[in-house]
Every structure is written in structure tokens, then in C-alpha cells.
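Summary of structural features
Listed below, chain by chain, are the residues.
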Amino acid sequence: MLEIRNISKHFGGIKALDNVTLSLNQNEIVGLIGPNGSGKTTLFNVICGLLKPDKGHIFFNGKEITNLSPEKISRLGISRTFQGTRLVEDLTVIENIIIATLPLTNSYDKAEELARTVINKLGIEKIGEVKVTALTHYERKIVELARTIACKPKVVLIDEIMAGLSEEEQQNIAEIMVWMKKEMNATIFWIEHIIRAMIKLVKVDRIIALESGKLIAEGKPEEVITNKNVIEAYLGITNV
Amino acid sequence: MEITNIFFIIFLSLQIGLIYGLIALGFNLLYSSTRIINITYGDFITLSGYITFWLYSLYNISPFLSLGISSFFLILFTLPFFYILEKFVLSSKNILYIEIWGVIITFGFSIFLQGTMSYLWSAQSRSYAYLDNVIDFFGVSFLLNKFLTTIVAALLIFLLYFLLFKTNIGIMLRGVIQDPELASNLGLNMRKIFLIAFIISSFIASISGVLLSMSFEINPFMGSIYLILAFVIAVVGGIGNPLGSLISGILFGFVDVIISYTIGPSLKFFIIYSLLLLILIYRPWGLMGRGVRYA
Ligand SMILES: Nc1ncnc2c1ncn2[C@@H]1O[C@H](COP(=O)(O)OP(=O)(O)OP(=O)(O)O)[C@@H](O)[C@H]1O
Ligand SMILES: [Mg+2]
């Protein structure tokens, strides 16, 4: 349902993405791995319209979205979270979600109703009226996830959600992600460095690996993490 | 100093301070959401002052009615103004481009408006006397019109507070101000929000113009002075911080009145800009600023 064809993007001399081609199928969870600076976040930025690629095309359900604005892409049903969380710091938890549901409903009451359903679902209704500056790292992650869910997306891009969380917190987030796949029929594209969480907790359907902007491996999780190129890419950066 | 004198100075400072705060708020809201430094902003204030002046002088229409009439015309005028800026400036993704071309285009508009107003109505300063009888309030004498402008300014501040902090428009505007990139990623209709910011900003300018004309002289070029004041006060209060603009406006009101009463009005601007310079050297993001994210 999401097709990325021959996408390249460079920043000055750095080739952040080098002729990347991949596709996501309806209702699967795909992990995206690769060493720091391999272009994972850049790929998300290109998909959601924050960056224009130098070359290549992106199709969503057969429709080209390559040069659409971020707001149009979002309205088509592609929603994302940000590396290290991104919330409107001045607003409360519920307002941070309402801001995302307003474009769907254009009525404050309906937007609030939708936002409340989602925070109830995720069990964070108690912190609904709290300013997000007062939240813990884990709560911020959940709020960002709630905001994404409230957009009723078809495709969700998640950028590094497990970092810095306890075992139990990782487990909770994994459950939410599985719920998103099962109950919302969402397709999830997920950048993560904690590969164990991908394989053991969420049980992703596929993994794609990037290195220096190039796609180096793709396939079943066990295959990809045992792939020679992938191991070298990871070992390369740790210099073992 | 006698106690009544102190009350009098507090009242005068608040009267001008609330208007300063409003002017800065309108400028701040527009800049922090759209990145357009609207040089024409001050001339909107002037234009509104003239509309009020002429309606009162020629047809005896109360300035309180002009609050509505003038806002209506200025918002009408804002629509093509917005359209031009949207087409040639706001469509860019580059903030520097928006800031520079925003200044160039609105500067052009400003020259055009000031020229037209001085051609049509001459460069002479004008004023009118409306409700200028003295009222006694706990032993302090005020001009009734100054008293009423203060009340209108306070009401407008309440209205804006409600709009910014209690409505969906406010949530969206504050979201766009704090993180435009995130807002567009959440699917917010940026064009609509920019238009709303323009309308609110023009509405504030027109109300301020009416209120200023009720107690001060107006002339075709005064917009430049109010523009600079709006800019300075907004920077001191913090770009992107509506409450900061208000507090900083009231602060400037006190500085303005106290300097005028003690040292004398001729040194007013020298001292105000020296203060600005000091503040910007030590706190470049303003006294209450939190730094706006550059997407
Ligand atoms: N806006 C930008 N301007 C300039 N260079 C950038 C920009 N964004 C990313 N880069 C560069 O592009 C390369 C890929 O960065 P990217 O953020 O996509 O990596 P990543 O795979 O997400 O890494 P990490 O795992 O650390 O998040 C890096 O070399 C980075 O420095
Ligand atoms: Mg990244």
C-alpha cells in the first residue's frame, strides 16, 4: 500500500538516502534498522513530506504523494511519531491530542470526544489535563502514540520508541502496537535500535536494514539479523 | 508625591500600557505563526484611527461604533493583502525567504498607504474631542474617554485570552506558533490558520487605532512609531509568547508615563531603546521568550 521507488536524498556531500526502493503491505509491521546516521529518520521525513527527495517517487494506495505537503499526506492517513518525542509543550495532554483530531472533525466537541476515547483506551485519562512538560519520558511516548492513534491512520511511522524505557514499559508499548495492527488494521513502519523488542515483544513481520542510505537487507526478522551485511554494518560502527 | 498622583500615574500607565500590549500581541501573533514581519501593521492602526476620526468629524458617528466599522473594513482589506503574501511569500518553505520577502512586500504596502493617507488627508496631525469631560474616581480626575478606552482594551484582552486559551482556534494557533513543522505533520490546514492569524492581527490593529485616536493625535506617519513599539515590546516579552507581550506592554506603559512625568517626554524613546538594547544583549530571546523552533 506504500511504495517507495528509487528515492535518493543528499545533504551537501552526505548521501542520506541512496536509491532506496521498498514497499509496505496492508496490515503488516515492518521494522527498519541500521546504524546511526544510516538514513532511517530521513526516509520517514521524505515519506511524510517534510523533506522533498532529490529523486524517486512515493505511492500510497496507487496515488503518487511524492510532492504533496505534509498536511495533505497526513490527511491521506499517514501519521508518525518523532525520534525523542515531539509535543506542543505549552498544551495539556488532551489538547495535544485534540490538535491532531481537529483536522479530522472540524468540530471541537467531536475532536475532544475522539481524543478522550483514545486516552481512555490507553489508560492515561488521569493525566489528561496535565501540561506535557510535567510528564515522564514514558508518559510522553504514550501521549505521542495516543496522538498518532487518534488520527486514525492507515500507515503509522514510529521513530525509535523503546529507547530509555524499562522492560515493563517496553512491554506495554509493544501491546499497544500489536493492538494497532489487529484492531485498527494499521500498517506500521518502525525504526528501532532495540532489536530484541522488535523480534520478541512485537514480533514484526519483516525487517528492512539500511546502511549509509542504501538498503542492504530485507526479509524475515531471523534472516535479516543473521545477514552478513547487516552484522558487518553494525559491527563496523562499534569497531569490534 | 501625593497618593492621588500615584493613582493617576498608575491609571495613565495602564491606559497606554494595555494598548501597547495589545499592539505588540497582534504583531507577535502574526510573526510567530507566519514568520511575516508585517511592516504595514502600524499603518493599519493609522488607517483605523482615520476611519474613526472622519466618521466622527463628518457624520458624528461614535468611536465606539467605529470599533466595529473600522474592524470590518480593515479585515476586508486584509483579505487581498493575505492573498498576495500567501501567493508570493508564504508558499515558500524557507523561513529566511519568508522573513525577507515579507518585509520587502509589506514595506512597499506601508509606503503606499502612508503616501495615500498623507495625499488624501494631508500630513497635519488631527484629533477630535469625544467624551472629554472630566470624571472623578476616588478623588482622582480622569478624562472619561481615557477611562473608557482602558475598559475596552481590557475587554479585548479577555476576548483574546478566551480565543487563544479556550477555543480550538487557539489550540491550533499555539500549536503552529510553537512547532509549525509538527502542526503540518498533524494535518492542520496551515493556510486557514495563517489567514486566522492575519485576521486577528488586523482586528487588534483596528481596535487599537480607534482607542489611540480617542486620546491621542493621529497623523499619516504615526504607524511607523507604533510598528517599532510593537516590535520592541513583542521582542522584550518574547516572540511567540502572547502573555509576555501583554506584560511587557504594561511595563512599557509605566516606563513611558514615568519618564514623561519625571525626566520629560523628549528622552522617552532614547530610554526605551536603551532598555531594549540592554535586554537584547543579555537576553536575546526576550525577558519572557522561550525561543521559537525554527522548522
Ligand atoms: N536536515 C538535515 N540536514 C543535514 N544533514 C542531515 C539532515 N538530516 C539528516 N542529516 C544527515 O543525514 C544522515 C542520515 O541521518 P538520519 O537522521 O536519517 O539517520 P538515522 O538513521 O535516523 O540515525 P539515528 O539512528 O541516529 O537516528 C546523517 O549523516 C545526518 O547527519
Ligand atoms: Mg533517526
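Structural notes, computed from the coordinates. (Residues numbered from 1 in each chain as written. Chains lettered and ligands numbered in written order. Predicted model: local features only at pLDDT ≥ 70, side-chain atom pairs only at ≥ 80, totals over all residues. Heavy atoms only, no water.)

1. What about the nonpolar core?
Judged by nonpolar contacts, the single largest core of 146 residues is most densely connected at Ile-173, Ile-188 and Trp-190 of chain A together with Tyr-41 of chain B. Broken down by element, the residue count for this core peaks at 15 residues, all from helix H1 (residues 3-34) of chain B. The next biggest cluster of nonpolar side chains, apart from the first, holds 26 residues, and it includes Val-20, Leu-43, Phe-44 and Ile-208 of chain A. (Core = buried A, V, L, I, M, F, W, Y, C linked by side-chain atoms within 4.5 Å. Buried < 20%, exposed > 50% of the residue type's maximum accessible area, 1.4 Å probe, protein only. Helix = DSSP H or I, 4+ residues; strand = E, 2+ residues; numbered from the N terminus.)

2. Points about the interface of chain A and chain B
Taken together, the contacts link 24 residues of chain A with 21 residues of chain B. Buried area between chain A and chain B, both sides added, is near 2,100 Å², and the carbon and sulfur share of it is 55%. Applying the counting rule to chain A against chain B returns three salt bridges. Its salt-bridge partner being Arg-86 of chain A, residue Asp-179 of chain B comes within 2.7 Å of it at the nearest N-O pair. Put simply, chain A and chain B have ten residue pairs in polar contact (both at pLDDT 80 or more) between them. (Contact = heavy atoms within 4.5 Å. Buried area = accessible area lost by both parts, 1.4 Å probe. Salt bridge = Lys/Arg side-chain N within 4 Å of Asp/Glu carboxyl O. Polar contact = N/O pair within 3.5 Å; in protein donor to acceptor, adjacent residues only side chain to side chain.)

3. Describing the site of ligand 1
Residues and elements named next belong to chain A. Among the 14 residues in the neighbourhood of ligand 1, the closest are listed as Asn-36, Lys-40, Thr-41, Thr-42 and Gln-83. Between Gly-37 and ligand 1, the recorded distance is 2.8 Å, taken from a backbone N or O atom to an oxygen atom. The protein chains hide 64% of the 630 Å² of surface that ligand 1 would expose on its own. Sorting the residues of the shell around ligand 1 by element identifies strand E2 (14-24) and helix H1 (40-47) as the ones contributing at least two each. Top contributing element to the shell around ligand 1 by residue count: H1, with three residues. (Near = heavy atom within 4 Å. Areas by Shrake-Rupley, 256 points an atom, 1.4 Å probe, with all protein chains shown as cover.)

4. Details of the coordination of the magnesium ion (ligand 2)
Residue and element names in this part refer to chain A. In this structure, Thr-41 (OG1) and Gln-83 (OE1) serve as the protein donors to the magnesium ion (ligand 2), at separations of 1.9 to 2.1 Å. With a gap of 42 residues between them, Thr-41 in helix H1 and Gln-83 in the loop between strand E6 (78-80) and helix H3 (93-105) connect regions that are remote in the sequence. On the accessibility criterion, Thr-41 (24% relative accessible area) is partly exposed. (Donors = N, O, S within 2.8 Å, 3.2 Å for Na, K, Ca; no water.)

5. Things to note about the packing of H1 of chain B against helix H6 (residues 168-178) of chain B
Axes are the key here: two packed helices are described by the angle between their axes and the distance separating the axes. Residues and elements named next belong to chain B. Contact pair H1 / H6: the axes reach a minimum separation of 7 Å and the direction vectors enclose 60°. Between H1 and H6, the crossing angle belongs to the class labelled oblique. Note on packing geometry: the crossing formed by H1 with H6 is left-handed. Residues Leu-29, Ser-32 and Ser-33 of H1 pack against Leu-173, Val-176 and Ile-177 of H6. Counted by class, the contact of H1 with H6 contains four nonpolar, two polar and no charged residues. (Axes fitted to C-alpha atoms, helices over the stretch in contact; angles between N-to-C directions. Parallel < 35°, antiparallel > 145°, perpendicular 65-115°, else oblique. Left-handed = near helix turned anticlockwise from the far one by under 90°. Nonpolar A, V, L, I, M, F, W, Y, C, P; charged D, E, K, R; others polar.)

6. Notes on the sheet that holds E2 of chain A
Residue and element names in this part refer to chain A. Spatial ordering of the open sheet is given by E2-E1-E4-E5, a layout of four strands whose pairing is antiparallel. In the strand order of this sheet, the two ends are held by E2 and strand E5 (63-64), each with one partner. Of the strand pairs in this sheet, strand E4 (residues 55-60) and E5 are connected by two bridges, and their pairing is antiparallel. Paired with Phe-60 across the two strands is Lys-63, which belongs to E5. Relative to the sheet, H1 contacts strand E1 (2-11), E2 and E4, its axis offset from that of E1 by approximately 115°. (Pairing = 2+ DSSP bridges.)

7. Quick look at the packing of aromatic side chains
Residues and elements named next belong to chain B. Evaluated as defined, the whole model comprises 23 aromatic pairs over all chains. A ring pair is formed by Phe-44 and Phe-77, whose centres lie 5.7 Å apart and whose planes are at 80°; its orientation type is edge-to-face. With Phe-44 in helix H2 (residues 41-59) and Phe-77 in helix H3 (residues 63-90), this pair connects stretches of sequence that are 33 residues apart. For Phe-44, a relative accessible area of 1% gives the class buried. Classification of Phe-77 as partly exposed rests on a relative accessible area of 28%. A ring pair is formed by Tyr-56 and Tyr-128, whose centres lie 5.2 Å apart and whose planes are at 45°; its orientation type is tilted. With Tyr-56 in helix H2 and Tyr-128 in the loop between helix H4 (95-121) and strand E1 (134-137), the pair connects residues that are 72 residues apart, well separated along the chain. (Phe/Tyr/Trp six-rings, centres within 6.5 Å; stacked < 30°, edge-to-face > 60°.)

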